[in-house]
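This is what each chain is made of:
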Amino acid sequence: MSLWARAQQLPPESLQKVRAVYGEHFPIEVRHCLATWIENRIWTPEPEEQQRFFVEELVQEIHTHTELMLSPEMFVTKMKLIEAAKLFRMQYSHAPHELYTYMRRCLALEMEVIQSAMGTPYIAQPQTERKYSELITGLQTVRQKVNMASEEIRSLQANIESFSLQYHECLKNKGHINYLQQSGPMTNERRELEACLRVQIEEMERKLNALVAQINQSQMELVDHMKENITNLRQLQSQVLDEELIKWKREQQLSGNGVPMQSNLNTIQEWCELLADLIWSTRQQVSNVARINSKTIAELRQAHLAEMLDDMSKQVTSLLSTLVTSTFVIEKQPPQVMKTNTRFTATVRLLVGGQLNVHMTPPRVTVVIISEQQAQLLLKSDTQSGRGKQPVECGDILNNSGCMEYQPTSRQLSVSFRNMQLRKIKRAEKKGTESVMDEKLTLLFQSEFNVGGGELVFQVWTLSLPVVVIVHGNQEPHGWATVTWDNAFSPPGRVPFAVPDKVSWGQLAETLRIKFCSATGGDLSEDNLRFLAEKIFRTSLPLNSMELNSMTVSWTQFCKDALPERNFTFWEWFYMVVKVTRDYLRTLWCDRLIMGFIQKKQAEEMLAKCPPGTFLLRFSDSELGGITIAWVGEANEVFSLQPFTSRDLMLRSLADRILDLAQLQFLYPNVAKDDVFSKYYTKPENEMLKNGYVKPVLVTTLPPYMSASPAYAHSPDSHRNTPSVHSRYMIEF
């Protein structure tokens, strides 16, 4: 039996919980009509690479299904499916894995409800899915309790109105008795009427007293229930804001180093919207009870009830304030290495903007750039409440203001700054060996939101991830060093923008691996990472990987100290290797044709055992962003070509250069070069250009002395044992 078939057999209460799992982003109509396809397609997890066409496959399946819906009874369902298909394509075509993950999570929640209702053994879910399940269940439970509180308020209102009617009726009868006593002599008829009225008054007072006790008890129970709701909302809000949203922000920061993001901001927005709805409803409930209490007669007013309600109102308003100010987030961060007079973009979003109708008074957002010190002062001040001192700007940004716009289909209130430009920057004083590339700045986004038709006004702000401002391209590597270290190692809840001065090699190695992999598409092996460790530590390393990973690396070693006998640092060398691989060697690296990270001496030893014509590709130790070819000559002597840099590879690819050199026959250890490189050779042009000219081709050749005797080959670097050979270009027609 399918999961959905089991769900339909649930009792009404459990079935309602299943219905609550599905919403705008995954309509229950889609779940029902495509139940078999959905369960077969996404029940078993698959790699993200295989999810690329998920949205298109889902949309196609929906269209196929709707074409079979011919009966008039299915018209409404058919329209809902078509609308869902449009929504999926519009919201998730650029990120199909997000929809895939979201639908899997819904199925997991559905499974939990079924297992709980049927009493079958609970199958442990992944921790993340369990947390999501608990969060959704918690929100739905509070929603039910908030709805119950609304019913209690209506019942209280009805009882108070009933008391008011009976009370005035009782007063009317008492007035009638007074009239009888004062209007003339008491006759038997008047005495009988008075006696009757007194019986009625006595019965009324008995009922009124019972009703007063009932109202008093109802009021206290209602207050207790609302207090409980506020406590539960505070806990759930803490889970969403302090855990899930902070986790998303941390993932966003790590994504700057190439780490794939797992959290979905749209999902977090749905939770925040639920919270906003429940908090606002609770606030209105507290306000309604306070209004009812203020208008009731003195006999019904309880001591301290007004103070209790006032305190609850402050608590729930504080929750709302925290929710609004915390959900003003930077969806798309500005570039973390920012060059002056260069256009850049950023996007900010209010996750609860649609739910609270903030867009009815479109808020304007402004952006300024401030220093690390100003960011620290900002966090200490009361700026968030609108009473703090405006921070001092340290730069001038063009096009730094914009109105937030609401998109009804996605329920997103956001503004994208597409043409910002930093015109000038005011630097802080430097200490010791600090450079401008060590200085961290941040963009401050500020706005003011009106909620409840102007009933509440919130001053909000948020800070971007730290940025490094440069004025010249040659400052970029060091700028990225500062950003990479900050993104990777910033502690949670830090003072802006404190980072440790030392980290373990294991932490840094993982950062370098992810950085390289995200830029080039190819991973680094353990041997590659050990090579990098040898380069940064410049000493013999322990064989035990645990000992190696526990060794500490300082910021100075990482990007300040020059490598031995070089005029560049470890980071500058690694950064240029990543850059040349990303731009010109990506496919060769991913096909494992480049050995890359290997010491020159080790390459010599490996090639010395090979026949002439064997070669390997390694990154140069002496040339930034250079890749060299080491090969075995005719006399079994190992030679190295002068490294090719980006300038060389822009003119002619590395694969074509390998093709040019007949001396290169076998890629180490013994693979014929054409077997692995031929697919990367540039196809020759067999036709003349349109203008009638023949296009020349640059060909790499070795100098003439190489064909005579290898003994003439010389090394321009006296510290290297292997002869280095200069290649040159020849033009062929």
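Residues numbered from 1 in each chain as written. Predicted model: local features only at pLDDT ≥ 70, side-chain atom pairs only at ≥ 80, totals over all residues. Heavy atoms only, no water.

As recorded in an unreviewed UniProt entry, the protein goes by Signal transducer and activator of transcription and comes from Vanessa tameamea. The UniProt entry for the protein carries the following text under Subunit (unreviewed entry): "Forms a homodimer or a heterodimer with a related family member." Quoted verbatim from the Sequence similarities (unreviewed entry) field of UniProt, the annotation for the protein is "Belongs to the transcription factor STAT family." (UniProt positions renumbered as here; feature names shortened; annotations may be inferred.)

(A) Local environment of the overall build of the protein. Secondary structure summary: the protein contains 23 helices and 21 strands in total. With the principal axes as the frame, the protein shows a C-alpha extent of 150 × 70 × 60 Å. Buried residues in the protein amount to 46% of all 733 residues. Across the protein, contacts joining residues at least 24 apart in sequence account for 69% of those joining residues at least 6 apart. Surface accessibility of the protein: about 37300 Å² in total, with carbon and sulfur atoms responsible for 51%. (Helix = DSSP H or I, 4+ residues; strand = E, 2+ residues; numbered from the N terminus. Buried < 20%, exposed > 50% of the residue type's maximum accessible area, 1.4 Å probe, protein only. Contact = heavy atoms within 4.5 Å. Areas by Shrake-Rupley, 256 points an atom, 1.4 Å probe, with all protein chains shown as cover.)

(B) Inspection of the packing of helix H4 (residues 35-42) against helix H5 (residues 54-67) at higher detail. Interhelical geometry of H4 versus H5 gives an angle of 160° and a closest axis separation of 11 Å. Considered as vectors, H4 and H5 are oriented roughly antiparallel to each other. When you trace H4 past H5, the crossing you get is right-handed. Residues Trp37, Arg41 and Ile42 of H4 pack against Phe54, Glu57, Leu58 and Glu61 of H5. In the contact of H4 with H5, the residues fall into four nonpolar, no polar and three charged. (Axes fitted to C-alpha atoms, helices over the stretch in contact; angles between N-to-C directions. Parallel < 35°, antiparallel > 145°, perpendicular 65-115°, else oblique. Left-handed = near helix turned anticlockwise from the far one by under 90°. Nonpolar A, V, L, I, M, F, W, Y, C, P; charged D, E, K, R; others polar.)

(C) The UniProt feature "coiled-coil region" (unreviewed entry) in the protein, seen in detail. Within this numbering scheme, the UniProt entry marks residues 139-166 and 194-221 as carrying the feature "coiled-coil region" (unreviewed entry). Split by type, residues 139-166 is 100% helix and 0% strand. Its first and last C-alpha atoms lie 40 Å apart. Taken end to end, residues 194-221 is 100% helix and 0% strand, and its two terminal C-alpha atoms sit 40 Å from one another.

(D) Examining the pattern of salt bridges more closely. Under the counting rule described, the total for this entry stands at 25 salt bridges. Note that Arg427 and Glu439 form a salt bridge whose closest N and O atoms lie 3.6 Å from each other. Placement of Arg427 in the loop between strand S8 (412-425) and strand S9 (441-451) and of Glu439 in the loop between S8 and S9 is noted, with a sequence separation of 12 residues between them. For Arg427, a relative accessible area of 26% corresponds to the partly exposed category. A salt bridge links Arg513 to Glu510; its shortest N-O distance comes to 2.8 Å. (Salt bridge = Lys/Arg side-chain N within 4 Å of Asp/Glu carboxyl O.)

(E) Quick peek at the pairing of S9. Burial of S9 is extensive: nine of the 11 residues sit out of reach of the surface. Across six bridges, the pairing between strand S4 (residues 364-371) and S9 is antiparallel. Along S9, the bridge assignment pairs Ile370 with Thr442. Pairing analysis gives eight bridges linking S9 to strand S10 (residues 456-463), with the strands arranged antiparallel. (Pairing = 2+ DSSP bridges.)

(F) Region of the structure containing the environment of Asp501. By the element assignment, Asp501 lies in the loop between helix H13 (476-489) and strand S12 (502-504). Along the sequence, Asp501 and Val324 sit 177 residues apart, while their C-alpha atoms lie 35 Å from each other. If we skip the residues at most four places from it in the chain, Asp501 touches Trp485, Val553, Ser554 and Trp555.

(G) Focus on the sheet that holds S9. Within the open sheet, the four strands sit side by side as S6-S4-S9-S10. Their pairing is antiparallel. This sheet does not close on itself; its edge strands, each paired only once, are strand S6 (401-403) and S10. Taking each pair of neighbouring strands and ignoring which way they run, the sheet shows an average axis angle of 25°. With respect to the sheet, helix H11 (residues 305-326) is in contact with S9 and S10, its orientation differing from that of S10 by roughly 40°.

(H) The arrangement of the packing of aromatic side chains in detail. Under the counting rule described, the total for this entry stands at 28 aromatic pairs. When the ring of Tyr22 is compared with that of Phe26, the centres are 4.9 Å apart and the planes differ by 85°; the resulting orientation is edge-to-face. On the basis of relative accessible area, Tyr22 is assigned to the buried category, the value being 8%. Arranged with centres 5.5 Å apart and planes meeting at 70°, the rings of Trp485 and Trp555 form a pair that is edge-to-face. Note that Trp485 is positioned in helix H13 and Trp555 in helix H17 (residues 555-559), a separation of 70 residues in sequence. Both residues of the pair, Trp485 and Trp555, belong to the buried class. A cation over an aromatic ring shows up here: Lys535 above the ring of Trp573, its NZ or CZ 4.5 Å from the ring centre. (Phe/Tyr/Trp six-rings, centres within 6.5 Å; stacked < 30°, edge-to-face > 60°. Lys NZ or Arg CZ within 6 Å of the ring centre and 35° of its normal.)

(I) Looking closely at unusual backbone geometry. In the segment running from Pro496 into Phe497, the intervening peptide bond is cis, with an omega of -20°. Considering the arrangement of structural elements, one finds Phe497 in the loop between H13 and S12. With an omega dihedral of 5°, the bond running from Tyr668 to Pro669 counts as a cis peptide bond. Even without a glycine there, the phi angle at Glu565 is positive, about 60°. Relative to the assigned elements, Glu565 resides in the loop between H17 and helix H18 (570-590). The backbone of Asn636 sits at a positive phi, close to 60°, despite the residue not being glycine. As for its position among the elements, Asn636 is in the loop between strand S15 (627-632) and strand S16 (638-641). Owing to a relative accessible area of 47%, Asn636 belongs among the partly exposed residues under this scheme.

(J) Layout of helix H10 (residues 265-295). With 31 residues, H10 should reach 45 Å at 1.5 Å per residue; the first-to-last C-alpha distance of 44 Å fits that figure. The backbone nitrogen of Asn266 has a side-chain oxygen 2.9 Å away, supplied by the residue at the start of H10, namely Asn264. (Expected span 1.5 Å × (residues − 1). Polar contact = N/O pair within 3.5 Å; in protein donor to acceptor, adjacent residues only side chain to side chain.)

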